[in-house]
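A structural walkthrough
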Amino acid sequence: MLGLSRARLEADRWIAFRSHFGIESFYCRPGIEGAHEKSGVEGQIGYFRRNHFTPVPEVNSLAELNELVDQWDLHDGRRRIGSRPRTIDEYFQVERPLLMPLPEEPFETGRLFTPRVDRYSQIAVRANRYSVPVRLIGKRVRVVLHASHLVVYDRNVEVARHERLIAKGSCRLDLDHYLEALIRKPGAFPGATALEQARSAGKFTPVHDAWWAAAVRAHGDTAGTRALIEVLLLARHISHEHLVAGLAMALRAGALTADAVALEARKVVQAEDEPAGHPSPADAGGAATVTFLHEWRLAHPPPDTRPLPSVTHYDQLLRRRRASGGEHREGEAQ
């Protein structure tokens, strides 16, 4: 081990990291012999751990923990170390001009994988499975695995993003990735695992279920489920909140088609985009009203672009009848 060079002792990721930032690594001697070679950085790391990570903070995600660390870091910048006259931030402002400039491009900290998409439109990354769009079945994709999430690329285009799974052998599916396949086989939709995960995540709401049940009663199982999948495809262009509002409005109006849901969702968007000075019915002193789809269509019929009726063709028929009648009379006279 002692005969190995420094380059062989260093990990590839560390070599890439220090090369990106232009760092010259210096290694202390292990144990008590090298304790005097360490700077005050080690002591400040211990201070930060004892004051902010003891007891262990309780958070719901790694992203929430990182936000807390950023707040603690900003707070510690206003702290004085020992009896020094300046704060940590003030000393850093003096030291900043002496530091090397940071690279323009960020360093990619994620791990790179290139799995192949299986027939279930899933990829395997670190003993877990994640869904991708069905059009990528059989292709290799590029995956960048981060501490809290992973991103999937088809060439240079992002096609999927998932929260990283911690427990091994787990599976995370996005219902949107399977819609093109399910619209051809709507019978597989009710028992789909992706649907159950969408319900658990709150993306498939009770409003979706109510509209789906009404569509099935009106159109039958196959056509009603296909109409719901068409509504879910709208989520690629309409936000989740607006789509749910459009579903609720269409359900109340008895409009059980994807086009009706899209219309109601756009009406919600237009209402939100109205200028602040535009008075609403409630602001004008009256009660707020809800316009149903069928009422709106009756009040706003489409323009009639057909030409005005003409009897010219009938005049031609009359002339032909007169001509044929005259010839017949002349034959009788002979």
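Anything mentioned here points back to the structure above.
Here goes a summary of the coordinates provided. (Residues numbered from 1 in each chain as written. Predicted model: local features only at pLDDT ≥ 70, side-chain atom pairs only at ≥ 80, totals over all residues. Heavy atoms only, no water.)

A closer look at the overall build of the protein chain
- Counting secondary structure elements, the protein chain contains 13 helices and seven strands.
- Taking all 334 residues of the protein chain together, 26% fall into the buried category.
- Surface summary for the protein chain: the accessible area is close to 24200 Å², and the carbon and sulfur share equals 55%. (Helix = DSSP H or I, 4+ residues; strand = E, 2+ residues; numbered from the N terminus. Buried < 20%, exposed > 50% of the residue type's maximum accessible area, 1.4 Å probe, protein only. Areas by Shrake-Rupley, 256 points an atom, 1.4 Å probe, with all protein chains shown as cover.)

A short note on the pattern of salt bridges
- Inspection of every chain in the model, using the stated rule, returns eight salt bridges.
- Ionic pairing is found between Arg129 and Asp118, a salt bridge with its closest N-O pair at 2.3 Å. Of the two residues, Arg129 is situated in strand E3 (residues 128-131) and Asp118 in the loop between strand E1 (111-113) and strand E2 (122-125); the sequence distance between them amounts to eleven residues.
- We note a salt bridge from Glu264 to Lys267, for which the minimum N-O separation is 3.4 Å. Taken as a pair, Glu264 and Lys267 lie in helix H11 (residues 258-273) at a separation of three residues, close to a single helical turn.
- Overlapping salt bridges, with partners in common, bring together Asp176, Glu180 and Arg236 in one network. (Salt bridge = Lys/Arg side-chain N within 4 Å of Asp/Glu carboxyl O.)

Quick word on the side chain of Thr205
- By secondary structure assignment, the location of Thr205 is in the loop between helix H7 (193-200) and helix H8 (206-219).
- Assessed through its relative accessible area of 14%, Thr205 is described here as buried.

Describing the nonpolar core
- Counting residues in each nonpolar core, the largest one holds 33 residues, and the members touching the most others are Leu175, Phe189, Leu195, Phe204, Trp211, Val231 and Val261.
- Put simply, the parts of the chain that give this core at least two residues each are helix H6 (179-182), H7, H8, helix H9 (221-233), helix H10 (240-253) and H11.
- Not counting the four nearest positions on each side in its chain, Trp211 is found in contact with Ala227, Leu228, Val231, Leu247, Ala250, Leu251, Ala255, Leu256, Thr257 and Val261.
- Membership of the second largest hydrophobic core comes to 14 residues, among which are Ile123, Val125, Tyr130 and Val132. (Core = buried A, V, L, I, M, F, W, Y, C linked by side-chain atoms within 4.5 Å. Contact = heavy atoms within 4.5 Å.)

Section: helix H4 (residues 62-76)
- A rise of 1.5 Å per residue sets the reference length of H4, with its 15 residues, at 21 Å; its end C-alpha atoms lie 21 Å apart and thus fit the reference within 8%.
- Considering only its buried residues, H4 is in contact with helix H3 (41-52) and helix H5 (88-95). (Expected span 1.5 Å × (residues − 1).)

So, the sheet that holds strand E6 (residues 157-163)
- With antiparallel pairing, four strands are arranged side by side in an open sheet as E1-E4-E5-E6. Each end of this open sheet is capped by a strand with a single partner; those strands are E1 and E6. Direction aside, the axes of adjacent strands within the sheet are offset by 20 degrees on average.
- Pairing of E1 with strand E4 (residues 142-145), which is carried by three bridges, proceeds in the antiparallel orientation. Residue pairing in the sheet places Arg111 in a bridge with Leu145 of E4. (Pairing = 2+ DSSP bridges. Axes fitted to C-alpha atoms, helices over the stretch in contact; angles between N-to-C directions.)

Digging into a negative patch on the surface
- On the surface, Glu64, Glu67, Asp70, Asp73, Asp89 and Glu90 cluster together into a negatively charged patch.
- Looking at which element gives the most residues to the negative patch, the answer is H4, with four residues.
- When you line up the elements, Asp89 lands in helix H5. (Patch = residues over 30% accessible without salt bridge, like charges linked within 9 Å, V, L, I, M, F, W, Y side chains within 5 Å. Lys, Arg positive; Asp, Glu negative; His and termini not counted. Charge placed at Lys NZ, Arg CZ, Asp CG, Glu CD.)

Some details on the sheet that holds E3
- Judged by pairing direction, the sheet is mixed, and its three strands sit side by side in the order E2-E3-E7 without closing on themselves. Looking along the sheet, the strands with just one partner apiece sit at the ends: E2 and strand E7 (171-172).
- Alignment of E2 against E3, held across four bridges, turns out to be antiparallel. From the neighbouring strand, Ile123 faces E3, where its bridge partner is Tyr130.

Some remarks on the packing of aromatic side chains
- Tallied over the entire structure, the rule returns ten aromatic pairs.
- Considering the side-chain rings of Phe21 and Phe107, the 6.4 Å spacing of their centres and the 55 degrees angle between planes classify their relative orientation as tilted. Of this pair, Phe21 sits in helix H2 (residues 12-21) while Phe107 is found in the loop between H5 and E1, placing the two residues 86 residues apart along the sequence.
- Note on Phe21: relative accessible area 28%, which makes it partly exposed.
- An aromatic cluster is defined as three or more aromatic residues linked by ring pairs; in this entry it consists of Trp14, Phe17, Phe21 and Phe107.
- Taking NZ or CZ as reference, Arg86 lies 6.0 Å from the ring centre of Tyr91, over its face.
- The ring of Tyr153 has Arg142 lying over it, and the distance from NZ or CZ to the ring centre is 4.6 Å. (Phe/Tyr/Trp six-rings, centres within 6.5 Å; stacked < 30°, edge-to-face > 60°. Lys NZ or Arg CZ within 6 Å of the ring centre and 35° of its normal.)

Some thoughts on a positive patch on the surface
- A surface patch of like charges, here positive, comprises Arg13, Arg111, Arg126 and Lys168.
- With respect to the element layout, Arg126 can be found in the loop between E2 and E3.

Section: a nonpolar patch on the surface
- Among the surface-exposed residues, Trp14, Ile23 and Tyr27 lie close enough to one another that they form a single nonpolar patch of about 260 Å² accessible area.
- Given the relative accessible area of 35%, Ile23 is considered partly exposed.

Some remarks on the packing of H8 against H9
- Contact pair H8 / H9: the axes reach a minimum separation of 7 Å and the direction vectors enclose 140 degrees. In the packing of H8 onto H9, the handedness of the crossing is right-handed. On H9, the residues touching His208, Trp211, Trp212, Ala215, Val216 and His219 of H8 are Asp221, Ala223, Gly224, Thr225, Ala227, Leu228, Val231 and Leu232.
- Across the contact of H8 with H9, the residue classes tally to nine nonpolar, four polar and one charged. (Left-handed = near helix turned anticlockwise from the far one by under 90°. Nonpolar A, V, L, I, M, F, W, Y, C, P; charged D, E, K, R; others polar.)

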